[in-house]
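Close look at the chain arrangement
Here are the chains, one letter per residue:
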Protein chains: 2
Amino acid sequence: MDDAAPKTRIQIRNRKVILTAGLEVFSANGFRGATLDQIAREAGLSKPNLLYYFPSKEAIYTALLDALLDTWLDPLRALDPTGDPITEILGYAQRKLALSRDFPRESRLFANEILQGAPMVRDLLKTDLKALVDNRAEVLQNWMDAGLIRRTDPVHLIFSIWSLTQHYADFDVQIRAVLDEEDPFPGAECFLDQLYRSLLEPRAR
Amino acid sequence: MDDAAPKTRIQIRNRKVILTAGLEVFSANGFRGATLDQIAREAGLSKPNLLYYFPSKEAIYTALLDALLDTWLDPLRALDPTGDPITEILGYAQRKLALSRDFPRESRLFANEILQGAPMVRDLLKTDLKALVDNRAEVLQNWMDAGLIRRTDPVHLIFSIWSLTQHYADFDVQIRAVLDEEDPFPGAECFLDQLYRSLLEPRAR
DNA sequence: TCATGATTTGACCGCTTGGTCAAACTCACG
DNA sequence: CGTGAGTTTGACCAAGCGGTCAAATCATGA
């Protein structure tokens, strides 16, 4: 954003510590709900010390969001137009689900931001994200036109993968309250596989 | 909660006005992010006047959540064990989607609460919600055992309907940023129908 | 060793927060 | 009209908020 490359080892370490603490606190409380005191306590630093490494609360938040958005969309970018369609789409869903399992706080940070109207990233959604989705929807459309997968709305298909996978991170509390098992992810993997296979595999005629 | 039946017309009207304003503000900012001043402004009342009708900020919030939870789960309760399975499940998904279309703020209020760890409703989830889901999962399981729909995990099936339908309310900003059309709901209806038909309709053998 | 820049912090500031309270106002009803 | 319960609000409070600053401490290389 505004910060050039950090120099000393201490800077690198402390910026990392602060971002980790910020992720913890922002993802659990949203931007407005989080406080610098909470983040400072979580990071084991004093409040003025936070503001020595980041110019403001908002700077910590946007640094997190910026880093997040890239890695978050990588699985979608990785979808290979020359690969086997069903394998590619199922693989995408599984990679996205793995992100929810391994980085639930990142998922909740993003969910909080969108839920509250995406004040910081709305423009990026309309440009970068829209361009990526339009592009990948075209890949899906080509597969459908070639009869390799059944016809359906490609954009809603992408939405459904986002929704179903992120749900297991964002609504974690609800899922664990309802489910008997400890770990919902094996069941989720299996269900998603079955769901998208049913939807996409061309029927014998 | 603590309040008995309101008496005068003014009380009925103002409690309603406050709850409407509270819904607007809480759903857009979460509990911690919302302020009484915002709610008072939205309601057209003074801040001390809010606290004449509700004992605290939290009381407004929990009153909203309590009212919400009931209506939110009605479509699931309405699932008829004696009806046609596919019609019932598709109907449930469509009714839930209609809730997202017609009451997006309620959906976002709930999403905020869950996302932030469900501090106010966690116990209800573990008792009431779990009981309801267990019960409806049994209905689904019976349909599967009878061969009326294909076998799949009934609880993950319910999760998927929640996830896919609420997504259109909770991630509204993202969807509108990506989608070309104004109104995502006709496309969503169609997609969900196709998705669950593919998953559930028994295959010819 | 010292000097210099990087790092850390206690004290503080102006503002917002949820909430209180006494005083004022409104209104139905005898 | 009057009177008492119901309603409204300006002024206020203590706590918490994001952020500042000067002074203290630390680290490092000459």
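Our structure is the block above this text.
Residues numbered from 1 in each chain as written. Chains lettered and ligands numbered in written order. Predicted model: local features only at pLDDT ≥ 70, side-chain atom pairs only at ≥ 80, totals over all residues. Heavy atoms only, no water.

For the rest of this paragraph, the subject is the overall build of chain A. Assigned secondary structure in chain A consists of 10 helices and zero strands. Ordered by position in the sequence, the α and β elements of chain A form the string α-α-α-α-α-α-α-α-α-α. With respect to the principal axes defined by its C-alpha atoms, chain A has extents near 70 × 40 × 30 Å. The burial tally for chain A puts 53% of its 205 residues in the buried class. Taking as baseline every contact in chain A between residues at least 6 positions apart, the subset at least 24 positions apart corresponds to 67%. Accessible surface, chain A as shown: approximately 9400 Å² in total, 52% of it carbon and sulfur. In chain A, 25 side chains carry a positive charge and 30 a negative one; their mean positions are 4 Å apart. (Helix = DSSP H or I, 4+ residues; strand = E, 2+ residues; numbered from the N terminus. Buried < 20%, exposed > 50% of the residue type's maximum accessible area, 1.4 Å probe, protein only. Contact = heavy atoms within 4.5 Å. Areas by Shrake-Rupley, 256 points an atom, 1.4 Å probe, with all protein chains shown as cover. Lys, Arg positive; Asp, Glu negative; His and termini not counted. Charge placed at Lys NZ, Arg CZ, Asp CG, Glu CD.)

Another aspect to go through is the packing of aromatic side chains. Using the criterion set out here, one finds 14 aromatic pairs over all chains in the structure. Seen from their ring centres, F26 of chain B and F31 of chain B are 5.9 Å apart, and the 15° between their planes marks the pair as stacked. By relative accessible area, which is 0% here, F26 of chain B ends up buried. For the pair F31 of chain B and Y61 of chain B, a centre-to-centre distance of 4.9 Å together with 50° between the ring planes defines the contact as tilted. Here F31 of chain B is found in helix α1 (residues 9-33), whereas its partner Y61 of chain B is found in helix α4 (residues 57-77), with 30 residues between them in sequence. Its end group placed over the ring of F31 of chain A, K57 of chain A keeps NZ or CZ at 4.7 Å from the ring centre. (Phe/Tyr/Trp six-rings, centres within 6.5 Å; stacked < 30°, edge-to-face > 60°. Lys NZ or Arg CZ within 6 Å of the ring centre and 35° of its normal.)

Time to look at the packing of helix α5 (residues 85-102) of chain A against helix α10 (residues 185-200) of chain A. All names here are of chain A. For the pair α5 and α10, the least separation of the axes is 10 Å and the interaxial angle reads 155°. When the interaxial angle is binned, α5 and α10 end up roughly antiparallel. The hand of the α5/α10 crossing is right-handed. For the pair formed by α5 and α10, the contact residues are I86, I89, L90, Q94, L97, S100 and R101 on the first element and F185, A188, E189, L192, D193, Y196, R197 and L200 on the second. (Axes fitted to C-alpha atoms, helices over the stretch in contact; angles between N-to-C directions. Parallel < 35°, antiparallel > 145°, perpendicular 65-115°, else oblique. Left-handed = near helix turned anticlockwise from the far one by under 90°.)

Let's shift gears to a negative patch on the surface. Together, D153 of chain A together with E181, E182 and D183 of chain B line one region of the surface with negative charge. Considering the arrangement of structural elements, one finds E182 of chain B in the loop between α9 (172-178) and α10 (185-200). Exposure remark for E182 of chain B: the relative accessible area of 69% places this residue in the exposed category. (Patch = residues over 30% accessible without salt bridge, like charges linked within 9 Å, V, L, I, M, F, W, Y side chains within 5 Å. Salt bridge = Lys/Arg side-chain N within 4 Å of Asp/Glu carboxyl O.)

Another aspect to go through is the interface of chain B and chain A. The interface of chain B with chain A comprises 57 residues on the first partner and 57 residues on the second. Among the residues of chain B in contact with chain A, L115, H156 and V178 of chain B are the three that bury the most area, contributing 14% of the side total. Viewed at the interface, chain A and chain B are joined by two salt bridges. The closest approach of N and O atoms between K130 of chain B and D180 of chain A, which form a salt bridge, is 2.9 Å. Only α1, α6 (104-115), α7 (122-145), α8 (154-170), α9 and α10 of chain B provide two or more residues apiece to the side of chain B that touches chain A. (Buried area = accessible area lost by both parts, 1.4 Å probe.)

We now examine the relation of the copies chain B and chain A. Rotating chain B by 180° about the axis while translating it 0.0 Å along that axis superimposes it on chain A, leaving an RMSD of 0.0 Å. These values place the two chain copies in the arrangement generated by a two-fold rotation axis. A symmetric contact is evident, with 100% of the interface residues of chain B recurring at the interface of chain A. (Least-squares fit on C-alpha atoms with pLDDT ≥ 70 in both.)

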